[in-house]
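The primary structure of each chain is shown beneath.
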Amino acid sequence: MDDVINLLIKKLSKLPTIGPKSATKIAYHLIKMDDNEASELAQDIKTISKKIHPCKICGSFTQEETCKFCNDDERDRTTICVVEEPQDVLTIASSEIYNGIFHVLGGSINPLEGINPSNLNFASLLERIEENNVKEIIIATNPTEEGDTTALYISHILKNNKDIVITRLASGLPIGGDIEGADKLTIARSLRSRNKFS
Ligand SMILES: [Zn+2]
């Protein structure tokens, strides 16, 4: 029995932001859950891992082949907001002032960890820019060293395309933080006051 608990604690502590202390707390909370509640939670986790996958077009999370943002004809297809991770899409969308489409890179350039431009979704970004006759690229990579490198790379690969304005989310975002963790108001403010990047 103790082994099962230890195994669960070990697995839970692999989740982001969960240290061994929180993992222990969660494990004991789960033990106290009634059977129904516990199996519902297990079922939800199963459903998520089976049914949620990246949108074929933009890479954000969806249950369908393409996501609700790509399917929405009301959205402005000439503006693409480029983010690192699928969860950043929801954060930016929650600001309710952005009406363009999205593109998920799948991370940021980090040569020390072996993540080079060829590992990220730049090729499909270029294809989409061409297809949609894009006028503005809003870079919403995280305000970190890797996010900065990625932003510079985007401006580099688009430097010959004179018809595109490249902007980056402005101040207000904590340096070294991430887009996902930012609140609605901060995202809205940094979208409104986005700066011309190159
Ligand atoms: Zn999509």
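Residues numbered from 1 in each chain as written. Predicted model: local features only at pLDDT ≥ 70, side-chain atom pairs only at ≥ 80, totals over all residues. Heavy atoms only, no water.

> Sorry if this is basic, but what is going on with the layout of surface pockets here?
Empty space left among the atoms is revealed by rolling a probe the size of a water molecule over them. Roughly 320 Å³ of volume is contained in the largest pocket. Contributing elements (two or more residues each) for the lining of the largest pocket: α1 (2–12), α2 (20–32) and α3 (35–51). Counting residues per element, the lining of the largest pocket draws most heavily on α3, at 4 residues. Here the residues of the lining of the largest pocket are counted per class, giving 10 nonpolar, no polar and 1 charged. Here the second largest pocket defines a volume of roughly 160 Å³. Lining of the second largest pocket is provided by Leu15, Pro16, Ile45 and Ile48. Grouping the amino acids of the lining of the second largest pocket by side-chain chemistry returns 4 nonpolar, no polar and no charged. (1 Å grid on protein atoms, 1.4 Å probe; cavity = no way out; pocket = protein on both sides within 12 Å on 5 of 7 lines; lining within 4 Å. Points joined across faces, edges and corners; volume = space filled by probe spheres on them. Helix = DSSP H or I, 4+ residues; strand = E, 2+ residues; numbered from the N terminus. Nonpolar A, V, L, I, M, F, W, Y, C, P; charged D, E, K, R; others polar.)

> What is the right way to read helix α5 (residues 86–94) from this model?
Along an α-helix, residues three or four positions apart point the same way, because every turn accommodates 3.6 residues. Listed in full, the buried residues belonging to α5 are Pro86, Asp88, Val89, Thr91, Ile92 and Ala93. Positive backbone phi, approximately 65°, marks Glu96, located one or two places after α5. (Buried < 20%, exposed > 50% of the residue type's maximum accessible area, 1.4 Å probe, protein only.)

> Hey, could you run me through the pairing of strand β5 (residues 136–139) in this one?
Two faces make up the sheet, and in a regular strand the side chains alternate between them. The side-chain alternation of β5 yields two buried faces, one formed by Glu136 and Ile138 and the other by Ile137 and Ile139. In this structure, strand β3 (residues 76–83) lies alongside β5, joined through 4 bridges in parallel fashion. Considered in β5, the bridge of Thr79 is made with Glu136. Of the pairings in the sheet, the one linking β5 to strand β6 (residues 165–168) comprises 4 bridges and is parallel in character. Across the sheet, Ile139 pairs through a bridge with Arg168, a residue of β6. A crossover links β5 with its parallel partner β6, the connecting element being helix α7 (residues 145–157), and its sense is right-handed. (Pairing = 2+ DSSP bridges. Right-handed = clockwise from strand over helix to strand, strands pointing away.)

> Help me out: how do you make sense of the state of the cysteines in this one?
Note: disulfide means a covalent bond formed between the sulfur atoms of two cysteine side chains. Evaluated as defined, the whole model comprises 0 disulfides. Here Cys81 stays unpaired: no disulfide links it, and the sulfur of Cys58, its closest cysteine neighbor, is 11 Å away. (Disulfide = S-S within 2.5 Å.)

> Even after reading the chapter, I still don't get the coordination of the zinc ion, so can you show me in this structure?
Ideal values for angles at a metal depend on the geometry: 109.5 degrees with four tetrahedral donors, 90 or 180 degrees with six octahedral donors. Surrounding the zinc ion are the protein donor atoms Cys55 (SG), Cys58 (SG), Cys67 (SG) and Cys70 (SG), at 2.3 Å. In this structure, the zinc ion is coordinated by 4 donor atoms arranged in tetrahedral fashion, with angles at the metal of 102 to 117°. As a motif over one chain, the donors of the zinc ion read C-x2-C-x8-C-x2-C. With a gap of 15 residues between them, Cys55 in the loop between β1 (53–54) and β2 (61–62) and Cys70 in helix α4 (residues 68–71) connect regions that are remote in the sequence. Overall, the relative accessible area of 5% leaves Cys55 in the buried class. On the basis of relative accessibility, which here comes to 8%, the residue Cys70 falls in the buried class. (Donors = N, O, S within 2.8 Å, 3.2 Å for Na, K, Ca; no water. Tetrahedral: all angles 85-135°; square planar, octahedral: opposite > 155°, others 65-115°.)

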